[in-house]
Amino acid sequence: MPDVHLRVFRGGPDEEGRFDEFDVPVEEGMVVLDALHWIQGHAAPDLAVRWNCKAAKCGSCSAEVDGRPRLTCKTRLSDFDLEQPITVEPMRAFPLVRDLVTDVSWNYEVNKTIEPFTPPADVPQEDWRWQQQDIERVQEYRKCIECFLCQDVCHVLRNHETERPFMGPRYLVRTAGLEMHPIDEADRRGYLKESGGIGFCNITKCCTEVCPENIRITDNAIIPLKERVADRYYDPVQWFWRKLRGSGPGTAPPVELPVLQGMPPPPDDPPRSDRAPD
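These numbers come from a predicted model, not from an experiment. (Residues numbered from 1 in each chain as written. Predicted model: local features only at pLDDT ≥ 70, side-chain atom pairs only at ≥ 80, totals over all residues. Heavy atoms only, no water.)

Asks: Tell me what's going on with the sheet that holds strand E2 (residues 18-24), and back it up with residues and numbers.
Replies: Read from one edge to the other, the open sheet built from five strands follows the order E2-E1-E5-E3-E4, with strand pairing classed as mixed. In this open sheet, the two strands that pair with only one neighbour each are E2 and strand E4 (68-71). Across the sheet, the axes of successive neighbouring strands diverge by a mean angle of 35°, strand direction being ignored. Judged from the two bridges that link them, strand E3 (residues 62-65) and strand E5 (residues 86-89) form a sheet pairing that is antiparallel. (Pairing = 2+ DSSP bridges. Helix = DSSP H or I, 4+ residues; strand = E, 2+ residues; numbered from the N terminus. Axes fitted to C-alpha atoms, helices over the stretch in contact; angles between N-to-C directions.)

Listed below in structure tokens is the structure:
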């Protein structure tokens, strides 16, 4: 097989970034992460790359390959036209640490603001019962490996189009898993509307397209949550009923999410391969 020409982003937050170029020998079955490891071992030992399992289950090796958020351990070189250069750069939505490594700690701060699983207080755990058909709906959400590719591709987070916080698709998925659990009793609709910023999502489905676990993020998580929020706050029948009873829709808990600060744009926009896999 021919060598592959990689253009790899190098730099840190306090220096001007650049793209270094490497010719990497290709063997059958190699993935982008293999090529990055070859570069570390033979050309640039100081190249910063985050990875762990190399089995597409830990979510650590997320990066952008030819402009598309991907797991580098799951992206095969054979799926590209090796006559064309392949560009590898860090996720643009998050602050840069070094080279291909970004600071994703913002995600964990958002996670802390979500009200946890809240079962009935008067039912002991050994008495919890539900049918398999009830739990199948939320099992899909548990497949998430927290690679944060969906957060990276989300245009609200990626382009930082608002100064207000937005929890992003990953945590809309987690909230859906809690809200739709058959014995959870918490009401997170106010949090979703006021704190989580669910209204910023315009369901372009870009998050679903990049999910390595094939979670139908938009259809099965975000849209049902939007419907619940709309029913609670904007349904005219419910509004009339609340007026009749003299009760309001309730207020969201005073939770303040951190605002994501992203990395600066790359030094130049490298050419994107139109032969990259979907």
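Once you've had a look at it, read on.
Asks: Can you lay out the layout of surface pockets for me, pointing to particular residues and giving the numbers?
Replies: A probe as big as a water molecule, rolled over the atoms, marks out the empty space that is left. When its volume is computed, the second largest pocket comes out at roughly 190 Å³. Those elements that provide at least two residues to the lining of the second largest pocket are E3 and strand E7 (101-102). Classifying every residue of the lining of the second largest pocket by side-chain character gives twelve nonpolar, five polar and two charged. (1 Å grid on protein atoms, 1.4 Å probe; cavity = no way out; pocket = protein on both sides within 12 Å on 5 of 7 lines; lining within 4 Å. Points joined across faces, edges and corners; volume = space filled by probe spheres on them. Nonpolar A, V, L, I, M, F, W, Y, C, P; charged D, E, K, R; others polar.)

Asks: Give me the lowdown on unusual backbone geometry, citing residues and values where you can.
Replies: In this structure, Glu146 takes a positive phi of about 55° despite not being glycine. You can see Glu146 is positioned in the loop between helix H3 (132-139) and helix H4 (149-153).

Asks: For a nonpolar patch on the surface, give the residues involved together with the corresponding values.
Replies: Together, Trp239, Phe240, Trp241 and Leu244 make up an exposed nonpolar region whose accessible area comes to about 510 Å². By the secondary structure assignment, Phe240 is in helix H10 (residues 236-245). (Patch = residues over 30% accessible without salt bridge, like charges linked within 9 Å, V, L, I, M, F, W, Y side chains within 5 Å. Areas by Shrake-Rupley, 256 points an atom, 1.4 Å probe, with all protein chains shown as cover. Salt bridge = Lys/Arg side-chain N within 4 Å of Asp/Glu carboxyl O.)

Asks: Quick one: what's the story with the pattern of salt bridges, residue by residue and with numbers?
Replies: Under the defined criterion, the tally for this structure stands at 23 salt bridges. A salt bridge links Arg158 to Glu64; its shortest N-O distance comes to 2.7 Å. Note that Arg158 is positioned in helix H5 (residues 155-158) and Glu64 in strand E3, a separation of 94 residues in sequence. Sharing partners across several salt bridges, the network here consists of Arg10, Glu15, Arg18, Asp20, Asp46, Arg98 and Asp99.

Asks: Pulling in residues and values, what's your account of the environment of Tyr191?
Replies: Position of Tyr191 relative to the elements: it lies in helix H7 (residues 189-195). With a relative accessible area of 3%, Tyr191 lands in the buried category. Each C-alpha atom, one on Tyr191 and one on Val255, is 7.5 Å from the other, the two residues being 64 residues apart in sequence. Of note is the side chain of Tyr191, whose polar atom sits 2.7 Å from the side chain of Thr113. (Buried < 20%, exposed > 50% of the residue type's maximum accessible area, 1.4 Å probe, protein only. Polar contact = N/O pair within 3.5 Å; in protein donor to acceptor, adjacent residues only side chain to side chain.)

Asks: I'd like a description of the nonpolar core, backed by residues and values.
Replies: Ranked by internal contacts, the top residues of the largest apolar core, which has 75 residues, are Leu6, Leu36, Ile39, Leu77, Ile86 and Met167. If you tally residues by element for this core, the top one is helix H9 (residues 217-233), at six residues. Discounting residues that sit within four places of it in the chain, Met167 has contacts with Trp106, Val110, Ile114, Gln151, Leu172, Thr175, Tyr191, Leu192, Gly196 and Leu257. (Core = buried A, V, L, I, M, F, W, Y, C linked by side-chain atoms within 4.5 Å. Contact = heavy atoms within 4.5 Å.)

Asks: Requested: an account of the packing of aromatic side chains, with residues and values cited.
Replies: To describe a pair of aromatic rings, you give the distance between the ring centres and the angle between the ring planes. The full count for this structure, using the stated rule, is five aromatic pairs. With 6.5 Å between their ring centres and 65° between their planes, Phe94 and Phe148 make a pair best called edge-to-face. Taken together, the residues span a long stretch of sequence, with Phe94 in the loop between E5 and strand E6 (96-98) and Phe148 in the loop between H3 and H4 at a distance of 54 residues. The two residues Phe94 and Phe148 agree in class, both being buried. Pairing Tyr108 with Phe148 gives two aromatic rings, centres 5.8 Å apart and planes at 75°, and the pair type is edge-to-face. Of the two residues, Tyr108 sits in helix H2 (residues 105-112) while Phe148 sits in the loop between H3 and H4, which places them 40 residues apart along the sequence. For Phe148, a relative accessible area of 3% corresponds to the buried category. Members of the aromatic cluster, joined through ring pairs, are Phe94, Tyr108 and Phe148. Directly above the aromatic system of Tyr233 lies the positively charged group of Lys193, at a separation of 5.1 Å from the ring centroid. Over the ring of Tyr233 we find Arg232, and its NZ or CZ is 5.6 Å from the ring centre. (Phe/Tyr/Trp six-rings, centres within 6.5 Å; stacked < 30°, edge-to-face > 60°. Lys NZ or Arg CZ within 6 Å of the ring centre and 35° of its normal.)

Asks: So what's going on with the pairing of E4? Residues and values would help.
Replies: With four bridges connecting them, E3 and E4 associate as antiparallel partners. The partner of Ser62 across the bridge, within E4, is Leu71. Counted between consecutive antiparallel strands, the loop separating E3 from E4 contains two residues, among which Asp66 sits at a positive phi close to 50°.

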